[in-house]
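# Observations on the model geometry
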2 protein chains.
Amino acid sequence: MNKSPDAHRMEKIVSLCKRRGFIFQSSEIYGGLNGCWDYGPLGVELKRNLKNYWWRVMVHERDDVVGMDGSILMNRAVWKASGHEDTFTDPMVDCRSCKARLRADQLVEKNGIKQRPNCGGKDLTTPRAFNLMFKTFVGATEDESSLTYLRPETAQAIFVQFKNILEVSRKKLPFGIAQIGKAFRNEINPRNFTFRSREFEQMELEYFCRAEEGMRWLDYWKEERLKFYENIGIARDNLHALTVPDEERAFYSKGTYDIEYDFPFGRQELEGVAYRTDYDLSQHQKASGKSLEYFDEETKQRFIPHVVEPSAGVDRTVLALICEAYSEDEAPDEKGKMETRIVLRFHPRIAPIKCAVFPLLKNKEPLVAKAKEIVALLRPHMYVFYDEVGAIGRRYRRQDEIGTPFGVTVDFETLGEKDPALRDTVTLRDRDSMKQERVPVKDLPGILVSRIS
Amino acid sequence: MNKSPDAHRMEKIVSLCKRRGFIFQSSEIYGGLNGCWDYGPLGVELKRNLKNYWWRVMVHERDDVVGMDGSILMNRAVWKASGHEDTFTDPMVDCRSCKARLRADQLVEKNGIKQRPNCGGKDLTTPRAFNLMFKTFVGATEDESSLTYLRPETAQAIFVQFKNILEVSRKKLPFGIAQIGKAFRNEINPRNFTFRSREFEQMELEYFCRAEEGMRWLDYWKEERLKFYENIGIARDNLHALTVPDEERAFYSKGTYDIEYDFPFGRQELEGVAYRTDYDLSQHQKASGKSLEYFDEETKQRFIPHVVEPSAGVDRTVLALICEAYSEDEAPDEKGKMETRIVLRFHPRIAPIKCAVFPLLKNKEPLVAKAKEIVALLRPHMYVFYDEVGAIGRRYRRQDEIGTPFGVTVDFETLGEKDPALRDTVTLRDRDSMKQERVPVKDLPGILVSRIS
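Presented here is an overview of the structure given in this document. (Residues numbered from 1 in each chain as written. Chains lettered and ligands numbered in written order. Predicted model: local features only at pLDDT ≥ 70, side-chain atom pairs only at ≥ 80, totals over all residues. Heavy atoms only, no water.)

### Describing the overall build of chain A
Of the regular secondary structure elements, chain A holds twelve helices and 25 strands. Among the 453 residues that make up chain A, the fraction classed as buried is 59%. The contacts in chain A between residues at least 6 apart in sequence include a share of 65% that link residues at least 24 apart. The centroid of the 71 positive side-chain charges in chain A is displaced by 3 Å from the centroid of its 71 negative side-chain charges. (Helix = DSSP H or I, 4+ residues; strand = E, 2+ residues; numbered from the N terminus. Buried < 20%, exposed > 50% of the residue type's maximum accessible area, 1.4 Å probe, protein only. Contact = heavy atoms within 4.5 Å. Lys, Arg positive; Asp, Glu negative; His and termini not counted. Charge placed at Lys NZ, Arg CZ, Asp CG, Glu CD.)

Right under this line is the structure:
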């Protein structure tokens, strides 16, 4: 069977991620660990840029949001109160012939009989609830008293610290608490590269408001979050805000949007924007016996606030950024022959490396010295990469493939050897258009900072 | 018994951390979880600033280091090969009278008999090895085949990806791989606030080099790391580089320095700088059967590199920064009466909030509007806080207590109402000296950026 163009495209993306150091399988030399991934030198920079931009727009640029960073291990009582211990499950079936375990809701139906999608096995056990939380024991004994879980979402850390943060931050409704951190789900079938992982990172905001304003803030945050994805370079046409139907929403939610992206493997969720009402805070107030109420100084009322939660997946967004950026076009090689060019068209704001600096030749000391001067000039402002190895065209191509938006080349004109008027100017190359402009060295920081921020 | 001045000081620091939102007990409303902590709105900013500065000097400003970000869950084979499964233990004893569990090496000896430091209990079990790794099961079964651990250190993720990263980064020896991430140790007795936690974050560099250069790089990194702590505001006098004696070093280490800090609760380790030789890579090469050798293009030799590891604790360093910054002096209150002022003298580089902006009065619209303009002017460059509530002196005091280095006040002179020459100037107040200078609004971004970077 021929692969679909989308499957072929995805294969090329996965291969590039490995080849250029964006993403590796965790523990690869030992055969990996299913559902766990490591970010290499470029992946970690991309992820950092994404998280830092999220923090900037969601926390630093707003007067109504503060941040926090909670622990992954929490008291088990949190997960009893939130409902996760009883109900955070997927229906699991075993295939009696091949012993595989799979999600009952991912079976296919053929002639009225549920089957495994791959082997077609029909001898399946009846589905049973499988809790997705990873267990561990904290302390020196291994029994019920020391059992807890790796958090399956970061949100609960915010809810249980709501009162503390309300007090120290002196905020009035509406206001939000933001957090970025790891969460863990023991997925029955991790798949689609890093999309469905067992270990993943979330960027979550819990935005607390009055009950009567919940639906308004739900729509506000849906729009804000769509803008966010556009601002990191994802085309609006590839984004979709799905209104989750009543029967598919969590029972406590009064409204949820899924923000989806057209991955090569299908349209899939990047972020959920959910109006969770006062469910979580009420549960924790009941279970802990501690008041989680808000006191309104004007109306003198006490009440549990409602909350709207935009919850984004860091790894999913990184994957969407790479999928969105991946493209192939034609460019001339050193001899002028056209060849296929792989280029990651990252928005400069999130590109791992902002600018590459090249001396035209590596064995000409004045070119090398000048290039290193420029590296030192730019470094306080951005992540810069110096490369002197190989023909200049190959060096450009290597940077195109990892999405570096700008390339600066130091040539003999920079040294003033040809035209004194061009002394201390360099060529500044744009990754996407491949056009080059001549720019004075002293203007470089200003020009580049304005283009990457 | 009276408390020692140091114990009293530590109590005040812990109290400030809670009161102002630096650090909370994890799951506090449920009685907490021993050894786990949450960072509140100010704590998360302090921690971010520390980690970002580390990444900047350890990765971005260097040509010889790249980053990575590995998963917390790894294949169990990693921990067999590294030796952690067999030997990462503390000796544990039980007190038969009060049932407490404690570390055998933390008992005190009195009249030749080992005793519990607190209750004086002498009826102790013989010490047994307690493995500090948290266990969990990955996948749908709970048995030996699916058992693994939460990583007890981030270093091993770097070692097992050494070959992948070497290939994609095209680096030559010496070069390093840096990582910041969480690690977990099931400590028998978590203590000293966040100092000895069960969940913590590490900032680690593995710096690979030739065997013959190992001792030189060990000394180089000890010096670099000491400079780092000075650059974030820790006085050199409070830092100590301890040469770990032969008998206390890991058997594979050829030399280790502990960088220690004078905490109020004693001199304790912030960072270990260890020359780990080729032990880890050799172990993983042997266990995985995959070559982890480096190929030297000049000498045509293949060999396993040696490694020097500066490994710093994020949470410990955050705690050291707060302890170092905490001070009390005298300042006049609104009526000129001297009162005690609590001030966190953070280096501006790591202070959670860089600048607070105040309109002199909150009910004068032009003052408020101008102050908000200044917030918008500064925000692209730094984390800014706007406060209009209370007398100006009280607002200064609130910022002093959380270590905000600069305060900008918009007054009637800013509006040009008194002296037209002072229009569009503000007072810029320095936290430590409490001195105020008059500065044109348009110069603020430049002045502040130069002082905080």
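That shown, we press on.
### Describing the sheet that holds strand S5 (residues 101-103) of chain B
Residue and element names in this part refer to chain B. The sheet built from three strands is open, its strands ordered S5-S4-S8 with antiparallel pairing. A single partner strand is all that each edge strand has here, and the edge strands are S5 and strand S8 (128-131). When strand polarity is set aside, the average angle formed by the axes of neighbouring strands in this sheet is 50 degrees. In terms of strand pairing, strand S4 (residues 89-94) meets S8 through four bridges, oriented antiparallel. Among the inter-strand pairings, Met 92 is bridged to a residue of S8, identified as Arg 128. (Pairing = 2+ DSSP bridges. Axes fitted to C-alpha atoms, helices over the stretch in contact; angles between N-to-C directions.)

### Some remarks on the relation of the copies chain A and chain B
Between the two copies, chain A and chain B, the superposition gives an RMSD of 0.0 Å; the rotation angle is 180 degrees and the shift along the axis is 0.0 Å. As the rotation angle and translation indicate, the two copies are arranged about a two-fold axis. Judged by C-alpha distance, Thr 136 of chain A is the residue of chain A that lies nearest the rotation axis, at 2.6 Å. When you check the interface residues of chain A against chain B, 100% turn up at the interface there too, and the contact is symmetric in its surfaces. (Least-squares fit on C-alpha atoms with pLDDT ≥ 70 in both.)

### A few points about the packing of helix H1 (residues 5-19) of chain A against helix H9 (residues 314-325) of chain A
Residue and element names in this part refer to chain A. Relative orientation of the contacting elements H1 and H9 amounts to 110 degrees, with a least axis distance of 10 Å. In terms of their interaxial angle, H1 and H9 are classed as roughly perpendicular. Relative to H9, the crossing made by H1 is right-handed. Listed contacts from H9 to Arg 9, Met 10, Ile 13 and Cys 17 of H1 are Leu 319, Ile 322 and Cys 323. The residue inventory of the contact of H1 with H9, partitioned by class, reads six nonpolar, no polar and one charged. (Parallel < 35°, antiparallel > 145°, perpendicular 65-115°, else oblique. Left-handed = near helix turned anticlockwise from the far one by under 90°. Nonpolar A, V, L, I, M, F, W, Y, C, P; charged D, E, K, R; others polar.)

### Some remarks on the interface of chain A and chain B
With 80 residues of chain A at the interface, the matching set in chain B holds 80 residues. Together, the buried faces of chain A and chain B total about 7000 Å²; carbon and sulfur atoms form 54% of this surface. The interface formed by chain A and chain B includes eight salt bridges. One salt bridge connects Glu 142 of chain A with Lys 135 of chain B, and the closest N-O pair in it is separated by 3.1 Å. At the boundary of chain A with chain B, the tally comes to 46 residue pairs in polar contact (both at pLDDT 80 or more). Residue contributions to the side of chain A that touches chain B peak at nine residues, all from helix H2 (residues 41-60) of chain A. Here the side of chain A that touches chain B is composed, by residue class, of 35 nonpolar, 21 polar and 24 charged. (Buried area = accessible area lost by both parts, 1.4 Å probe. Salt bridge = Lys/Arg side-chain N within 4 Å of Asp/Glu carboxyl O. Polar contact = N/O pair within 3.5 Å; in protein donor to acceptor, adjacent residues only side chain to side chain.)

### Thoughts on the pattern of salt bridges
Going through the model one piece at a time under the given rule, you end up with 98 salt bridges over all chains. Residues Asp 432 of chain B and Arg 431 of chain B are paired through a salt bridge, measuring 2.7 Å at the closest nitrogen-oxygen approach. Accessibility expressed as a relative area gives 32% for Asp 432 of chain B, which makes it partly exposed. Ionic contacts of the salt-bridge type, sharing partners, join the residues Asp 329, Glu 339, Arg 341, Arg 345, Arg 397, Asp 400, Arg 429, Arg 431 and Asp 432 of chain A into one network.

### Some remarks on the pairing of strand S19 (residues 326-332) of chain A
All names here are of chain A. One ladder, built from seven bridges, connects S19 with strand S20 (residues 338-344); its direction is antiparallel. Bridge assignment links Glu 330 to a residue of S20, and that residue is Thr 340. Where S19 folds back onto S20 in an antiparallel hairpin, the turn is made up of five residues, including Gly 336, whose phi is positive at roughly 90 degrees.

### Here's the deal with the packing of aromatic side chains
Residues and elements named next belong to chain A. What the rule picks out here adds up to 46 aromatic pairs over all chains. Seen from their ring centres, Phe 228 and Tyr 229 are 5.5 Å apart, and the 90 degrees between their planes marks the pair as edge-to-face. Pair check on accessibility: Phe 228 and Tyr 229 agree, each one buried. If you follow Arg 216 out to its NZ or CZ, it ends over the ring of Trp 217, 4.6 Å from the centre. The ring of Tyr 396 carries the charged tip of Arg 429 above its face, separated from the ring centre by 4.3 Å. (Phe/Tyr/Trp six-rings, centres within 6.5 Å; stacked < 30°, edge-to-face > 60°. Lys NZ or Arg CZ within 6 Å of the ring centre and 35° of its normal.)

### Quick look at the sheet that holds strand S25 (residues 436-440) of chain A
All names here are of chain A. Taking strand neighbours across the sheet as the criterion, the five strands line up as S22-S21-S23-S24-S25 in an open arrangement whose pairing is mixed. Strands with a single pairing partner mark the edges of an open sheet, and in this sheet they are strand S22 (384-386) and S25. Put simply, the sheet's adjacent strands are angled 25 degrees from each other on average, direction ignored. Pairing analysis gives five bridges linking strand S21 (residues 355-359) to strand S23 (residues 406-410), with the strands arranged parallel. Opposite Ala 356, over in S23, you have Gly 407 as the bridge partner. On top of the sheet, helix H10 (residues 365-378) reaches S21, S22, S23 and strand S24 (425-430); it is set at about 160 degrees to S21, its chief contact. Strand contacts of helix H11 (residues 392-402): S21, S22, S23, S24 and S25, with the helix running at about 170 degrees to S21, the strand carrying the most contacts.

### As for empty space enclosed by the protein
One pass over the structure, following the stated rule, counts five cavities of 30 Å³ or more. In this structure, the largest cavity encloses a volume near 620 Å³. If you go around the largest cavity, you meet 29 residues; those closest to its centre are Lys 51 and Glu 201 of chain A together with Lys 51, Ile 180 and Glu 201 of chain B. For the lining of the largest cavity, the secondary-structure elements that each account for two or more residues are H2 and strand S11 (175-184) of chain A together with helix H2 (41-60) and strand S11 (175-184) of chain B. A breakdown of the residues in the lining of the largest cavity according to their chemical character gives ten nonpolar, five polar and 14 charged. (1 Å grid on protein atoms, 1.4 Å probe; cavity = no way out; pocket = protein on both sides within 12 Å on 5 of 7 lines; lining within 4 Å. Points joined across faces, edges and corners; volume = space filled by probe spheres on them.)

The quantities given are spatial measurements derived from coordinates; they are silent on function.
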